[in-house]
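Structure assessment
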Number of protein chains: 4
Amino acid sequence: MTVDANSKLRGISVANDRIFQQLFDIGTREQLIANYKKVRELTRTLVAPLSPEDQQLQSMDDASPTKWHLAHTSWFFEIFVLKDYLEGYGPYTKEFAYLYNSYYQSIGPQYDRPKRGVISRPSVDEIVGYRKWTDEKMLECIANVSDRDFSKLYSLVTLGINHEQQHQELLLTDIKHAFSLNPLYPKYKECKREKSVSAPLDWLSFDGGQFRIGYEGKNFSYDNEGPAFDMLLQPYQLASRLVTNREFLAFIEDGGYENPTFWLSDGWYWVNRGGIKKPLYWQKEGKWHYYTLGGYLPIEMDEPVCHVSFFEADAFARWSGARLPTEFEWEVACPNSISQKHLLNLDCLHPKSECSHGLVQMIGDVWEWTSSPYTGFPNFNPVQGPIGEYNGKFMCNQIVLKGGSCVTPLDHIRSTYRNFFPPEIRWQFCGFRLAK
Amino acid sequence: MTVDANSKLRGISVANDRIFQQLFDIGTREQLIANYKKVRELTRTLVAPLSPEDQQLQSMDDASPTKWHLAHTSWFFEIFVLKDYLEGYGPYTKEFAYLYNSYYQSIGPQYDRPKRGVISRPSVDEIVGYRKWTDEKMLECIANVSDRDFSKLYSLVTLGINHEQQHQELLLTDIKHAFSLNPLYPKYKECKREKSVSAPLDWLSFDGGQFRIGYEGKNFSYDNEGPAFDMLLQPYQLASRLVTNREFLAFIEDGGYENPTFWLSDGWYWVNRGGIKKPLYWQKEGKWHYYTLGGYLPIEMDEPVCHVSFFEADAFARWSGARLPTEFEWEVACPNSISQKHLLNLDCLHPKSECSHGLVQMIGDVWEWTSSPYTGFPNFNPVQGPIGEYNGKFMCNQIVLKGGSCVTPLDHIRSTYRNFFPPEIRWQFCGFRLAK
Amino acid sequence: MTVDANSKLRGISVANDRIFQQLFDIGTREQLIANYKKVRELTRTLVAPLSPEDQQLQSMDDASPTKWHLAHTSWFFEIFVLKDYLEGYGPYTKEFAYLYNSYYQSIGPQYDRPKRGVISRPSVDEIVGYRKWTDEKMLECIANVSDRDFSKLYSLVTLGINHEQQHQELLLTDIKHAFSLNPLYPKYKECKREKSVSAPLDWLSFDGGQFRIGYEGKNFSYDNEGPAFDMLLQPYQLASRLVTNREFLAFIEDGGYENPTFWLSDGWYWVNRGGIKKPLYWQKEGKWHYYTLGGYLPIEMDEPVCHVSFFEADAFARWSGARLPTEFEWEVACPNSISQKHLLNLDCLHPKSECSHGLVQMIGDVWEWTSSPYTGFPNFNPVQGPIGEYNGKFMCNQIVLKGGSCVTPLDHIRSTYRNFFPPEIRWQFCGFRLAK
Amino acid sequence: MTVDANSKLRGISVANDRIFQQLFDIGTREQLIANYKKVRELTRTLVAPLSPEDQQLQSMDDASPTKWHLAHTSWFFEIFVLKDYLEGYGPYTKEFAYLYNSYYQSIGPQYDRPKRGVISRPSVDEIVGYRKWTDEKMLECIANVSDRDFSKLYSLVTLGINHEQQHQELLLTDIKHAFSLNPLYPKYKECKREKSVSAPLDWLSFDGGQFRIGYEGKNFSYDNEGPAFDMLLQPYQLASRLVTNREFLAFIEDGGYENPTFWLSDGWYWVNRGGIKKPLYWQKEGKWHYYTLGGYLPIEMDEPVCHVSFFEADAFARWSGARLPTEFEWEVACPNSISQKHLLNLDCLHPKSECSHGLVQMIGDVWEWTSSPYTGFPNFNPVQGPIGEYNGKFMCNQIVLKGGSCVTPLDHIRSTYRNFFPPEIRWQFCGFRLAK
C-alpha cells in the first residue's frame, strides 16, 4: 500500500475560523520573523552536504527527493500565507501549485507521489531561487500585514514553520534510505560518535488514577494533541531506558525472527513475505555493522536499537515477557523538564546512549513505538477548509509514536506530541521502551 | 494481505492454568451434552441445503469451503478435548491433524489456507463420517471423564461449542460470497422477507461519567472481553436505528464514492484501487438489486445497509455530519434485555427492518462497525499454551464490531462481545449506526 | 500473465466458406455417428473415477474443473452444430451459452475464466443431463440433415470430436495438478508401471535439403498445420530417445538450476522468481519421488523426464552441449509408421521407457519442446467467422511442441500436429529430445 | 516482467577464439583511434543538453540513468580491453566493476538494475573523470599494443564502439521517457520539424525464390546476423512507406483498441490490463499532441507513427486487412544504397515523413516491427567466454525489428541488423510497415 506517510500534515489547531477558539499566545512581528528565518536557515544547513544528484533521489514511494522537500515547504508558505495575505501577490510559477502539492484535494490535483523522483526540472538551483523569492515575500508580508490580520498570519506562519520542521526530519530519513542502497555507502556527513556506556535497566513504577491527557499550554500544538481530556490509568511500570542494540541482538540470536509465537499475525506475515531477519540498515560482515548518516560502521551495542518496525518492537516485548506502553502511560510519565541538548545535533546524528539512572532517553533519541493505535481524542473535531482537510485522514491502521528522535528539530517536540506511522515502517528513527 | 479472518479464534478465558481464575459457572453433564448436541444439530441443519459441489467451494483466500468448516470444528474437539480426556484415544485419521489445523503453531504445521478449496478428498461423506465419530466419542468422553477433570472438560467443550458457533456464521457468509459469483445466482434457501417499514431516525442521548466495561457475568465469554475495567466517557448521542439502504443510496447518488474529502486516506486508496462504487452484492439492473441467501432480489430500501466496509461506514458518517460510535459508547448504551427472536432465523436470513422508536436493532441484525481499533483491555494477558496461543495475535489493523448479525447463532452474542475485522472486509454481514 | 492455454482452439481447416477448399475426405453418416459415439464414450470413461467434489476443482487459472470440460465440449456441439443444423432447435439452458463459452468473442461474452471453480451449480448430475440431451440431439441431427448440408456437418462434427479430444487430455492434466496439491496424494486410478530399462543414447543423422512441411493428407487437420510449403534444412542430428529422469537428475546435481550461464535471460528470471529447483511434481523424501495419476511414487529413473518447462529443457540442452530441435527437423525426421499402442492407455498413464535403438518415443510419450516459436506458416490465413475467430490469436510468446503424450487420445496425434504453450508452463506432459 | 532490454549486448562475431574465423577487415591504428574518438565525441554531444539532475533519472526498470550509460560504456572498454591489453593496468575504481556491470555473470555480480537511479555518487563530474581516464588509457593502449595482439584489439575496440552506439540510442530513448513524465514537458533540445507531406501508399511486389539471408560483408556485424544461409521465400508485397499517424488515428477512431477480433490473445490482455488506448506519448488536448524530444507538440499527421508496441502494430495490420512482413521479407527487399542523411540528425529527432514513391523510409526513421520471433539462424553458435556469454540469452519472447530509427547513430545500422524487443515495449522509436 502506498502510505502517504512523509507528507502527512497532522491536524493543526490554528487555522481559519477556529483560529481564535484554540488560542496560543501570539508574539510580535520581530519574533515571527526570527522564527521564520531560523527554520529556513536550518533547512539550508541540512541540504548543504548534498549534491544536485543527491537531491534528486527518491528511493521508495514513501520517501521524497530532497529538492521536493525544499520546494514543497516553500509551496506551503506561498499557498497558505502569501496567496491570502500578500498585497499584490502573483504566483511564482503557475505549475508549482500542482507539482508541489502533497495531498491537499481542495487546493487542486496533485502530481503522482511515487514519480517525484523523475522531476529533474526545475533544477535544484531553480528551487533555491524559489525559496529566495518566498523568503523575500514572506518578510514583506509579515512586515506589512494589517494589525487586524496579524494574529491569523502569526498562526499560519507558525504552522508553516512547524510543517517545515517535520520536513527537515523527513529530508534526513529519506536521504539516509537512499544512500543506504548505494554500495559505496556515501556519508551524509562525518559524525562524531559518543562513547557508549551500558546502564542497567531499572523498572520505574507509576501510580494509577485519573490523569489529564493532551496539550493545554500556551504554545503551538497540533490539533491531534487535543482536546485535552481526563482518563483513568491503572498502575504500571516503565523501563528506565530504551532497548539497546545489544538486547535486540540477543533476540535475534535466540531465534526471535523465526518463532511465530512472539509475533502478531500481521507481523508474522510481514516477516515472512519480506524475509526480515534484522533491523533496517543492519548488515553482518564479520561483526555486525549498520549504515548511518556518518557512513557504514560497526554497531555500537549500547546505543538504543533503531529502525525497527512496530511489529519487531512488539515481538521483542513478548519475547522479553514485557509489553509496549500505551501512549497515555508514556505521556503521563514524561518529565516536564526535558534536556534538549541532543536534539538535532548535527555533529552526531545518532541515537545517544546514556548511563544515568531514572527515566532517561524520553525525548530526542528515537521515536518510541507505543501500543496505541492512532485515533482522535474524545470530541476531536477537525478544522474546516484546506488546511484542516485531512486532519483525521490518517486515523486508521497507524500506531502512535512518542518522544522525537535525534533528527527531530530542537524546538519541535514535546511530551504531548503524537507522531504516527503504519506498523511496518522502519526508515524513520524508531525504537522502543518496555512496560509492564 | 492474506487476512486469517475466518479461522481466528478469539482469546478465551477458560483454558489450562487460568481455568479456575476466570470462573464461569460449571453446569451438569446433562447440560453439557444438551449444549453439545444442539450446536452439532444446528450445523447439520445449516449444511442441509448444500450439495457436495457447493461444499467444495472456496471463493477467496478469506473464505473456506463448507466441508472445511465441518471438518475443522470436529478437529477442534478431537485435538483439544478427546486427545487429552478420552480414555484409549487414537486419532481418527492421522493426516487430519495437518489438514484441518487452522493456525495453531504449537499443534503443528498447517495446510496452506488459500488452497483449502483444492482438497476434494476426503469427500463430504467422509467428513460426515468424521463428525459422527467425533459425536460418539465426545458423548462417551463427557459421560466417563472423572469428576476431578470435569470442570476443565466443561470449559473446553463450551469453548468448542462457541468455536463451532463462530464457524456456523462463517459457513453462511462464505457460501453467500461463493454463490454471488455464480451468474445463475443460486439460492441457499427460500427466505421469507419481512415487510420493510421506515422509521424516522431519533438521536438518543447518553450521559457521561465513569462506566464499567467488559464481561463480568457467570457464563462463558472470550478473554478479549476482559478483564473488566472502569472508564470515563463523555456525553454522547446514538442513532436510534441502523443506517438503511435508502440512506446509503443517497450517499451514492450524492457522489459519496467520488469525493475524497469524506474518506480516510487508506479508504480513498482502497476505493480507487478496487473501483468500489457500491456495497458488496449490490447491482443496478434497472432498479437496484442485491444478491442474498434467498437469491437475487430488488433491494428493500428500509432494511439496514449491509456488506459495507469500515471505510464506507466511516465515509458515510462524515458525509452525514456524524461519526461512528466507539465500542465503549455502544456497549454502555446496549440495553440489558435483548430480544433474540430474530437471531439466526433460518426463515429469513436478512437484516431486519424495524419501525419502533427507542434504541433498536442493537443485537442480531448486522455487525456494527465502531470507531475503535481492536486492542487489549488494560491488564489483558493472554493464556499460555496452544489454545491461548493467538489470543493477542490479531490486535493490529483491525476494527471492533458489536452486536452480532442475522446469521449469528442465537446464544452466541452479548453486549460485551467484541468481533473484529480489517477495515476493508465486506463479506461479513456488516453495517453501522451513527453517533455524535 | 493469465494464459488462456487450455481452452485455446487451434485454427482449423474445415469451417464455413473455406470448407470445400481445404478438403478432407467426407465419410458416411454411419462413420460419423461411430466417431461421435466413440469420443463421448471415452470422456465418460475418463471421468468415471472422479467424485462430484473432484470435478469441481480448479487449482490454478490455467486449469479448469472437470465438469467445466464436460459442459464446454457439449456446448461446442450445441453452438456450432445443433444451433445451425438441427431442425426445431431450442437452447438446452439459455445461460449455458455464457457459462461455457471459453473465448469466442463473436458468440458473446464469457464468464471469467479463473472463477470457473466457483460454479457449483449446475451440478455434475445436471451436466451429465446436458451431455445426454446433446447426444440425443446430435444423433438426430446427423441422421436427418439434408444431403446438401451433410459434408459441412461432417466437417463441423469432426472438428467437435477433435475439440473434445483436446479436452480429454486437458481434463487429465488439470486433475493431476489439482490432486498434486492435496497432501493425501489421491490416486486418479491404479496404474500399472512398466519395467524401465535404460537404452544408450544414439545420435541419428539426417541429411539437409529441401523438404515439404505441413499436412497434405486426406484426413482432418488443424489449419495451423498448413498450408504445406517447401523449406531448406541443413544436415542435423537427433537423439534416438528422450532425455530421461536419470539424466535430468544429473543436471540438478551438477547445479544446473543455480548456474545462470545455462539459462535464457527470461528463464533465469523465471527460475529465481519461482524458486524452481526441480521438475513439477518431483519431491525428495529420502529418495526422489513424484506425484503421478497413480499416486505418489518413487521416480522411475529410465522414464522420459516429464513436466519440465521450455526453459528447463533449453537449459539442460545447453548444459549437455546440445540444443533442442526445430519443429521442422522433428517433423521431417518423424517416421511414417507410428506404433500407437501406448496412446492413452488407461492402464498406465506414464511416459513409457524404451530400450530399442533407432528413433523411438516420437509419438505418445511426452510432448516434446522444440526450439521453434509458434507462428503461422507462409500464407497462413485464418478462416472467417466465430470458429476461425482466434486462429492466429496465440501466435506470440508460445513455443511449438510435437509428438503427443501418454494422455493424448489414440487417434488425435500425427507428425504434422503443432501443439503450443508458453515457455514456462509445466503442468502438461512435456519433455524433450536433444539435437545437434 | 523485468525486461533486461536496454543493456542487452547482442552476440558479436569477433571475440576470443573465433576472432579469426568470422573475419572482418582490420584497419589501421589511425583508423581505430579516429573511430574511437568519433564515438566518444558523439556521446559528449548527446549529453551536453542534460543537467546533473537530468542524468540521474531512471523512470522505469527498463530504462537507465544517462550517467549510468556514460559509466557503463567506459566500463566496457576498461573490462574487455584495458584489463587485458594495457600494460600496467590497474582499475580506475574497484567498485565500478560491480556498479557498472550490466549483466555479465562471469565478470561478477551486478548491482540491482531497477535501483540504478539511486546511485547519486559517483557524481556526473566523477563519471566524466572516469571517461577521460578511459580515453587516455585507450589511446595509450591502441598506440602501444603489440602487432601480434592488434587485430584482436581492433575487433574488441570496434565491438566497444558499436556497444557505445547502442547506448547512445538508449540514452535518448530513456531520457525521452523520463522527461515525458514531467508535467512541465521539458525539451531535450529545440528540434526543427520538417514539413510533412503525405504520399499515397503503393504496394510493391517482390518475387519468391531462394535468397541469401544474413551478413557476409567485410565490416563489423553482430553474430546474430549470421551465419548467412539460404532460404525459400514466396512472392510477397510490401507497402512503399511506413504507416502514418493519420492512418493510425483512423484505427483508433474506428474503435480499434476496443475490438478483440483485431488482437492477439496476449495483446488483448495487455491492452485491457494497461488501459491502453493510444500510442505512448500521445495526448488528446483539443487536438492530438505528443511529447517529443523537442517538447510537447501537435501531432504531424503525415509522419510515421512511432512508439507503438508489436501488439498495436499487429492489430492495426489485421484491422487494415494486411499483415506485418517477416524479417526475411524485409531484409531481402531492403535496397543496397541507403541514404543515411537523416540518421541521428540532432537538428530533428523525429521520424521523417516522405512523399516520393518507391520503397522509402527503410533505414533510419523508426524501428520496424516484423512478424518474426527472435531466434538464432541455423547453426548459430554463440562464442565462448564473458563477451559471448549472453549471445543467445534473449532468444525467447522477443520480436525482430529492422531498419533503425531517427536516433540510431549514423554508421550503426544496416539491412541485416536485427534488433529485438519484447512485444509490449513502446519506449523505443518503433513503428511498422504493412505487407501482404
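Below: a short report on this structure. Remember, predicted model here, so these are calculated numbers, not experimental data.

Using the criterion set out here, one finds 94 salt bridges over all chains in the structure. One salt bridge in this structure joins aspartate 54 of chain D and arginine 121 of chain A, with 2.6 Å as the shortest N-O distance. Here aspartate 54 of chain D is found in helix 2 (residues 52–56), whereas its partner arginine 121 of chain A is found in the loop between helix 3 (96–99) and helix 4 (124–144) on a different chain. The class for aspartate 54 of chain D is buried, based on a relative accessible area of 0%. Ionic pairing is found between glutamate 331 of chain B and lysine 402 of chain B, a salt bridge with its closest N-O pair at 3.5 Å. Residue glutamate 331 of chain B is found in helix 10 (residues 327–333), and its partner lysine 402 of chain B is found in strand 9 (residues 399–402); the two are separated by 71 residues along the sequence.

As a further point, take the interface of chain C and chain D. Contact with chain C, which involves 35 residues of that partner, is made by 35 residues of chain D. Across the interface of chain C and chain D, roughly 2700 Å² is buried in total on both sides, 58% from carbon and sulfur atoms. Our count for the contact surface shared by chain C and chain D stands at 0 salt bridges. On inspection of chain C and its partner chain D, the count reaches 8 residue pairs in polar contact (both at pLDDT 80 or more). Of all the secondary structure elements, the ones that give two or more residues to the side of chain C that touches chain D are strand 3 (229–233), helix 8 (265–274), helix 9 (310–319) and strand 8 (367–373) of chain C. Class assignment of the residues belonging to the side of chain C that touches chain D gives a composition of 18 nonpolar, 11 polar and 6 charged.

Before going further, it helps to examine the sheet that holds strand 9 (residues 399–402) of chain A. The 4 strands lie next to each other as 10-9-8-11 (chain A), forming an open sheet whose pairing is mixed. Either end of the sheet is taken by a strand with one partner, and the two such strands are strand 10 (419–421) and strand 11 (430–431) of chain A.

Mapping chain D onto chain A calls for a screw motion: a turn of 180° about the axis and a shift of 0.1 Å along it, with 0.0 Å RMSD after fitting. On this basis, the relationship between the two copies can be described by a two-fold rotation axis. Proximity to the rotation axis, assessed at the C-alpha, singles out glutamate 53 of chain D in chain D; its C-alpha lies 2.6 Å from the axis.

Now for the sheet that holds strand 5 (residues 282–285) of chain B. All names here are of chain B. The strand order across the open sheet formed by 3 strands is 5-6-7, and the pairing between neighbours is antiparallel. Both outer strands of the open sheet, strand 5 and strand 7 (295–298), are each paired with one neighbouring strand and no more. Adjacent strand axes in the sheet meet at a mean angle of 35°, parallel and antiparallel pairs treated alike. Alignment of strand 5 against strand 6 (residues 287–292), held across 4 bridges, turns out to be antiparallel. Pairing of glutamine 283 across the sheet is with histidine 289, part of strand 6.

All names here are of chain A. Structurally, leucine 42 can be placed in helix 1 (residues 29–47). Leucine 42 sits 253 residues away from glycine 295 along the chain, and the two C-alpha atoms are 22 Å apart. Sequence-distant contacts of leucine 42, that is, excluding residues within four places in its chain, are made with Gln168, Leu344 and Pro409.

For helix 6 (residues 147–180) of chain B, with 34 residues, the first-to-last C-alpha span of 49 Å sits near the 50 Å given by 1.5 Å per residue. By the largest-angle criterion, leucine 153 of chain B marks the main kink of helix 6 of chain B, which is about 25°.

Residues and elements named next belong to chain D. Under the 1.5 Å per step criterion, the end-to-end length of helix 3 (residues 66–85) is 28 Å for 20 residues, consistent within 8% with the ideal 28 Å. Of all the bends in helix 3, the greatest, near 35°, is centred on glutamate 78. Burial analysis of helix 3 places 18 of its 20 residues in the buried class, which makes it a mostly covered element.

Looking at soluble globular proteins, one finds that nonpolar side chains tend to be buried together. Among the nonpolar cores identified, the biggest contains 233 residues, and Val157, Trp263, Trp369 and Phe432 of chain A together with Trp369 and Phe432 of chain D are the most heavily contacted of them. Of all hydrophobic cores here, the second largest spans 223 residues; its members include Val308 and Met362 of chain B together with Leu57 and Leu171 of chain C.

How large an interface is tends to be reported as the accessible area lost when its parts come together. Across the boundary between the two partners, chain D contributes 30 residues, which contact 30 residues of chain A. Contact with chain A buries surface across chain D, with Glu53, Val118 and Arg121 of chain D losing the most and accounting together for 31% of the total. There are 14 residue pairs in polar contact (both at pLDDT 80 or more) connecting chain D and chain A. Sorting the residues of the side of chain D that touches chain A by element identifies helix 2, helix 4 (96–99) and helix 6 (147–180) of chain D as the ones contributing at least two each.

So, how was this worked out
- Residues numbered from 1 in each chain as written.
- Chains lettered and ligands numbered in written order.
- Predicted model: local features only at pLDDT ≥ 70, side-chain atom pairs only at ≥ 80, totals over all residues.
- Heavy atoms only, no water.
- Salt bridge = Lys/Arg side-chain N within 4 Å of Asp/Glu carboxyl O.
- Helix = DSSP H or I, 4+ residues; strand = E, 2+ residues; numbered from the N terminus.
- Buried < 20%, exposed > 50% of the residue type's maximum accessible area, 1.4 Å probe, protein only.
- Contact = heavy atoms within 4.5 Å.
- Buried area = accessible area lost by both parts, 1.4 Å probe.
- Polar contact = N/O pair within 3.5 Å; in protein donor to acceptor, adjacent residues only side chain to side chain.
- Nonpolar A, V, L, I, M, F, W, Y, C, P; charged D, E, K, R; others polar.
- Pairing = 2+ DSSP bridges.
- Least-squares fit on C-alpha atoms with pLDDT ≥ 70 in both.
- Axes fitted to C-alpha atoms, helices over the stretch in contact; angles between N-to-C directions.
- Expected span 1.5 Å × (residues − 1).
- Bend = angle between axes of the 7 residues up to and from the residue.
- Core = buried A, V, L, I, M, F, W, Y, C linked by side-chain atoms within 4.5 Å.

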